2 protein chains.
Amino acid sequence: MEAALKAIAEPRRREILRLVWDAERSAGDIAAHFDVSRPAISQHLRVLKEADLIFERREGTRRYYRAHPEGLEELREFLEGFWEENLSALKRAAEKEERRKARASAGDRRRHA
Amino acid sequence: MEAALKAIAEPRRREILRLVWDAERSAGDIAAHFDVSRPAISQHLRVLKEADLIFERREGTRRYYRAHPEGLEELREFLEGFWEENLSALKRAAEKEERRKARASAGDRRRHA
DNA sequence: AGCTTACGTAAGTGTCAACTTAAGGATTCT
DNA sequence: AGAATCCTTAAGTTGACACTTACGTAAGCT
């Protein structure tokens, strides 16, 4: 999971993900979209592959890459869980704060009376 | 956005985020949850702050940190957009693949006829 | 077999990130 | 003012990361 998060923290890798998301593409095809060297792209592809975010298929001298739905879904669920777990906590905290303010204001009234 | 993604790619920072999510906590309080030095935590706090994921409040000699809902929400929306944009693409790709298979199988039948 | 094509891997470099210890504010207490 | 507390910033180290060029490998072509 760590690997997946690190993987998508890199802009070029996110761009690669978008490229292979709806179509299988060869390494060369992918590399052509960027102005860095091909080995650089090759290395990004390895990172994505090791994070289980893409899938590699070899055909002749070519290597085709495409999105790996299971890995992507796992990452999405992790993030969603992170948010869910916490946004509800944030909400509780906000409500608590509201109550605190309400009490404080009631105290003001008592003191001023 | 980049900064926020990099920020949450670090396990300790995610843990810090969870700590300050539903309660404001002092730097020392936060640091007590980890077995790295306090400066290390201080630096993580700075990263989170610069990514607009937490908020700092000074009171006397203490510094209190809490979640920064706007920044977190922005990050959440970015990720959701990323998924939405792409999961629909994945879905289209899957359907296309289905049609391809269907055509192939129809072709088989024609060839075999 | 030899040449070409399409890639990856190796090795080296500059930069950034996470950590450490040491030193420097800022605020409060006496 | 001086001492103590709480925390950050500074400086230095180590390892990771994104990139480069050079080399290696596997499949197809002649």
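What counts and how
- Residues numbered from 1 in each chain as written.
- Chains lettered and ligands numbered in written order.
- Predicted model: local features only at pLDDT ≥ 70, side-chain atom pairs only at ≥ 80, totals over all residues.
- Heavy atoms only, no water.
- Helix = DSSP H or I, 4+ residues; strand = E, 2+ residues; numbered from the N terminus.
- Buried < 20%, exposed > 50% of the residue type's maximum accessible area, 1.4 Å probe, protein only.
- Least-squares fit on C-alpha atoms with pLDDT ≥ 70 in both.
- Contact = heavy atoms within 4.5 Å.
- Pairing = 2+ DSSP bridges.
- Axes fitted to C-alpha atoms, helices over the stretch in contact; angles between N-to-C directions.
- Core = buried A, V, L, I, M, F, W, Y, C linked by side-chain atoms within 4.5 Å.
- Buried area = accessible area lost by both parts, 1.4 Å probe.
- Salt bridge = Lys/Arg side-chain N within 4 Å of Asp/Glu carboxyl O.

Asks: An account of the overall build of chain A is needed here, citing residue identities and associated values.
Replies: In terms of regular secondary structure, chain A is built from five helices and three strands. Reading the helices (α) and strands (β) of chain A from amino to carboxyl end gives α-α-β-α-α-β-β-α. Sorting the 113 residues of chain A into buried and exposed places 34% on the buried side.

Asks: Tell me about the relation of the copies chain A and chain B, and please be specific about residues and values.
Replies: The transformation that overlays chain A on chain B combines an axial shift of 0.0 Å with a rotation of 180 degrees, and the residual RMSD is 0.1 Å. Taken together, the rotation and translation relating the two chain copies correspond to the operation of a two-fold axis. Mapped onto chain B, 100% of the interface residues of chain A are again interface residues, and the two copies thus contact each other with one and the same surface.

Asks: Can you explain the sheet that holds strand S3 (residues 62-67) of chain B? Please cite residues and give values.
Replies: Residue and element names in this part refer to chain B. Read from one edge of the open sheet, three strands run S1-S3-S2, paired in antiparallel fashion. Either end of the sheet is taken by a strand with one partner, and the two such strands are strand S1 (25-26) and strand S2 (54-59). Pairing of S2 with S3 involves six bridges; the strand directions are antiparallel. Across the sheet, Phe 55 pairs through a bridge with Arg 66, a residue of S3. Against the sheet, helix H2 (residues 11-21) makes contact with S1, S2 and S3, and its axis sits at roughly 95 degrees relative to S3, the strand it touches most.

Asks: Give me the nonpolar core: which residues, what numbers.
Replies: Judged by nonpolar contacts, the single largest core of 52 residues is most densely connected at A:Leu17, A:Ile30, A:Leu53, B:Leu17, B:Ile30 and B:Leu53. With sequence-adjacent residues up to four places away left out, A:Leu17 is seen in contact with A:Ile8, A:Leu48, A:Leu53, A:Ile54, A:Leu72 and B:Phe82.

Asks: Explain the interface of chain A and chain B to me, and be specific about the residues and the numbers.
Replies: Each partner contributes to the interface: chain A provides 27 residues, whereas chain B provides 27 residues. Carbon and sulfur atoms make up 72% of the area that chain A and chain B hide from each other, which totals about 2600 Å². Put simply, chain A and chain B have two salt bridges between them. For A:Arg14, the salt bridge is made with B:Glu2, and the minimal N-O distance between the two is 3.9 Å.

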